[in-house]
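# Structural characterization, general
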Amino acid sequence: MAACSPPLIISPTDKHTATVIFFHGLGDTGHSWAAGLQVLKFPHVKFLCPTAPTISVTLNGGVKMPSWFDLKSMSADGPEDEQGIKRASETVFQMIEEEEKRGIPSSRIVLGGFSQGGALALYSALLCPKPLAGVIALSCWLPLYKQFPYAAVGIAHDLPLLQCHGELDVVVPFKWGRMTYDLLRTFMTHVELKTYKVLCHTTNDEEMKQVGRFLEKVLP
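Now for a quick tour of the structure. Here the structure is a predicted model, which is why all the values come from computation and not from measurement.

Taken as a whole and assessed by the stated rule, the structure comprises six aromatic pairs. Look at Trp-33 and Phe-114: their rings are 5.3 Å apart centre to centre, the planes differ by 40°, and that puts the pair in the tilted class. Within this pair, whereas Trp-33 is found in helix 1 (residues 31–38), its partner Phe-114 is found in strand 6 (residues 109–114), the two being separated by 81 residues in sequence. In terms of burial, Trp-33 and Phe-114 fall into one category: buried. Plain terms: the ring middles of Trp-141 and Trp-176 are 6.4 Å apart, the flat faces sit at 70° to each other, and that makes the pair edge-to-face. One end of the pair, Trp-141, is in the loop between strand 7 (134–138) and strand 8 (161–166); the other, Trp-176, is in helix 4 (residues 174–184), with 35 residues separating them in the sequence.

Below you can see the structure in the form of structure tokens.
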């Protein structure tokens, strides 16, 4: 995987005791989520918003764009970029280690993301060998879902998870979000799915308020 550009950092305004690493969707950048996350106003939390490397995306005819891994199909049973997904998750683990070196334990780190970024956050959290504070999965799916629950590490079973999905989403169909939730709750004990009847493949104020409430709970 090509190197990511330096992440956009929203610095805490008080003593730094927790970190949220948030991954954007396909073709986007970390900058687009910075403003929305900044509105949440957690003085003790640092937000990291990395931008994916620019790669060719099969689903978009090979056009190059920021992407955490290649997308090959829009079918739930279509081929997946397994090597790319696993390389991207290793990059996530490196980001966690860098925060630990700055004095933030993994148990005070939340992974989050939207669409493809949410998929990366969710997959990485389930395989992370260190305990995390939680994971936020917005309008996304679980990559390589056929490998679960067997691929998940033991500590993932108690990982707090907030999953949100718009019922009018046609980019990442709502049924994928529901299928992901149904799978996750077979082996995770703290899974929460929030759905929004008039939301397409985007976010809204209600969803972001829910994200804020989740962060208050897992990063007090």
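Formed by 47 residues in total, the largest nonpolar core has its most connected members in Phe-23, Ile-96, Leu-111, Leu-126 and Leu-184. Secondary-structure elements contributing two or more residues to this core are strand 2 (18–23), helix 2 (82–101), strand 6, helix 3 (116–127), strand 7, helix 4 and strand 9 (191–196). Excluding its chain neighbours within four sequence positions, the residues that come into contact with Leu-111 are Ile-21, Phe-23, Val-92, Ile-96, Ala-121, Ser-124, Ala-125, Leu-132, Gly-134, Val-135 and Ile-136.

Attention now moves to the pairing of strand 7. Of all five residues that make up strand 7, five are buried, and the element is covered over most of its length. A two-sided burial pattern is seen for strand 7, the buried positions comprising Gly-134, Ile-136 and Leu-138 on one face and Val-135 and Ala-137 on the other. With five bridges connecting them, strand 6 and strand 7 associate as parallel partners. By the bridge assignment for strand 7, Gly-112 is matched with Ile-136. Across four bridges, the pairing between strand 7 and strand 8 is parallel. From the neighbouring strand, Ile-136 faces strand 8, where its bridge partner is Leu-162.

Turning to helix 3, a few remarks are in order. Across its twelve residues, helix 3 extends 17 Å between first and last C-alpha, which sits within 8% of the 16 Å expected from 1.5 Å per residue. Within helix 3, eleven of the twelve residues are buried, leaving the element largely enclosed by the surrounding structure. Of all the positions in helix 3, only Gln-116, Gly-117, Gly-118, Ala-119, Leu-120, Ala-121, Leu-122, Tyr-123, Ser-124, Ala-125 and Leu-126 are classed as buried. Check the buried side of helix 3 and you find it contacts strand 2, helix 2, strand 6, strand 7, strand 8 and helix 4.

For the rest of this paragraph, the subject is the pattern of salt bridges. The final tally for this structure, using the stated rule, is seven salt bridges. For Glu-100, the salt bridge identified is with Lys-130, shortest N-O distance 2.6 Å. A residue pair is termed long-range when its members are at least 10 positions apart, and Glu-100 in helix 2 and Lys-130 in the loop between helix 3 and strand 7 qualify at 30 residues. Through salt bridges with shared partners, a single ionic network connects Lys-46, Glu-99 and Arg-102.

Cut-off values and rules
- Residues numbered from 1 in each chain as written.
- Predicted model: local features only at pLDDT ≥ 70, side-chain atom pairs only at ≥ 80, totals over all residues.
- Heavy atoms only, no water.
- Phe/Tyr/Trp six-rings, centres within 6.5 Å; stacked < 30°, edge-to-face > 60°.
- Helix = DSSP H or I, 4+ residues; strand = E, 2+ residues; numbered from the N terminus.
- Buried < 20%, exposed > 50% of the residue type's maximum accessible area, 1.4 Å probe, protein only.
- Core = buried A, V, L, I, M, F, W, Y, C linked by side-chain atoms within 4.5 Å.
- Contact = heavy atoms within 4.5 Å.
- Pairing = 2+ DSSP bridges.
- Expected span 1.5 Å × (residues − 1).
- Salt bridge = Lys/Arg side-chain N within 4 Å of Asp/Glu carboxyl O.

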